[in-house]
Amino acid sequence: MNLDDELRAALQREPAPVDFAAKVTAKTRTSKARVVPFRRRPAALALAAALALAALVPSAVYQYRQQRRAIQARDQLIAALSITKVQLQHVRERIQQNTRHKI
Amino acid sequence: MKTALILFAAIPAFAQQNFDFKLLDKLGANATGSTNITLEGDTLKLATSFLGDDTGSLKNLTGVYVRSYEFAKAGQYNEADLAPLRAYLKTLQWTKVVDVKETDETSEIYVHVLPNNRLGGLAIVSAEAKEVTVVFIAGALNMSDVGKLSGLGIPDIGLEHGGKKSDDSKKD
């Protein structure tokens, strides 16, 4: 057999096996069934958790800061009213003293 | 002419809301102790909202300012530094209701009286040898609210009766 005949024999067209189409279809179905649910993917879960945290943390931090700011402001207001009270009492005492002196 | 009149009328109204408390900072230059409180706008609303339900009257306040300085020795502040505040309190609808002067001590109380016998503000200027205190509370208050404030810190000194102390208490 010469080279031409060998090549012709090697490259000759052959029909596909009878069950080829069925095998391909079955393979496709199997690979679809193997899709891993979202809840079983640690990386995806971690990403989702990170996104949720990213959404919640700024809100929590803002609320915490607002509350701290409000408490500081309240303490300042109480201090201001306390100083006002002391000053008014002081003035009242001086008025009373001066009134007694006059009498 | 009309424009000029309107302009001059508007100046006190504008100035009324804008006393610059930084003008009092010079007072504390040599102070050994100081208390500076500035509460206004949202911060003041936050503060009053955290005080509880009995403080409805405080919700009308628009500003609370305290400047209090203590000094190690007498004469370490210049009383002239109080002049801008006193000038501000003289030019507007503020009324000096108490003025007590002694050798090295003066105390003044001013109220801003609004129509319908309402208080628009309260200011206290107390200058002693080693201590100077300014309290400035701005905002609409009913005379009866002053009594409510007593429970929080402001005692009754007779302001409910017409908004002014009797002339006997004045020592101008």
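So, how was this worked out
Residues numbered from 1 in each chain as written. Chains lettered and ligands numbered in written order. Predicted model: local features only at pLDDT ≥ 70, side-chain atom pairs only at ≥ 80, totals over all residues. Heavy atoms only, no water. Contact = heavy atoms within 4.5 Å. Buried area = accessible area lost by both parts, 1.4 Å probe. Salt bridge = Lys/Arg side-chain N within 4 Å of Asp/Glu carboxyl O. Buried < 20%, exposed > 50% of the residue type's maximum accessible area, 1.4 Å probe, protein only. Helix = DSSP H or I, 4+ residues; strand = E, 2+ residues; numbered from the N terminus. Pairing = 2+ DSSP bridges. Core = buried A, V, L, I, M, F, W, Y, C linked by side-chain atoms within 4.5 Å. Phe/Tyr/Trp six-rings, centres within 6.5 Å; stacked < 30°, edge-to-face > 60°.

Draft legend 1. Representation of the interface of chain A and chain B in the model. At the interface, 26 residues of chain A touch 42 residues of chain B. The junction of chain A with chain B conceals about 2800 Å² of combined surface from both sides, 71% of it contributed by carbon and sulfur atoms. Viewed at the interface, chain B and chain A are joined by 2 salt bridges. Close ionic contact of B:E102 with A:R94 constitutes a salt bridge, the shortest N to O distance being 3.3 Å.

Draft legend 2. The pairing of strand β4 (residues 105–114) of chain B, seen in detail. Residue and element names in this part refer to chain B. Most of β4 sits inside the fold, with 8 of its 10 residues counted as buried. Note: strand β3 (residues 94–102) against β4, 8 bridges, orientation antiparallel. Its bridge partner lying in β4, K96 is registered against Y110. With antiparallel pairing between neighbouring strands as the criterion, β3 and β4 make up a hairpin whose turn holds 2 residues. Strand direction decides the pairing type here: β4 and strand β5 (residues 118–127), joined by 9 bridges, are antiparallel. Looking at the pairing, L114 lines up with R118 of β5. Taken together, β4 and the strand that follows it, β5, pair antiparallel across an intervening segment of 3 residues, in which N116 is found at a positive phi of about 65°.

Draft legend 3. Up close: the nonpolar core. A:L77, B:L39, B:L61, B:V64, B:V98, B:I109 and B:I137 are the most contacted members of the largest nonpolar core, which has 28 residues in total. For this core, the secondary structure elements donating two or more residues are α3 (42–102) of chain A together with β1 (33–40), α2 (41–49), β2 (61–70), β3, β4, β5 and β6 (131–142) of chain B. Counting 21 residues, the second largest nonpolar core, distinct from the first, contains B:L27, B:Y69, B:A127 and B:V134.

Draft legend 4. Structural context of the packing of aromatic side chains. All names here are of chain B. Evaluation of the coordinates by the stated rule reveals 8 aromatic pairs over all chains. Each ring, one from F21 and one from Y65, has its centre 4.3 Å from the other, and the planes form 10°; the classification is stacked. Linking F21 in the loop between α1 (2–16) and β1 with Y65 in strand β2, this pair joins segments that are 44 residues apart in sequence. With respect to class, F21 is no different from Y65; both count as buried.

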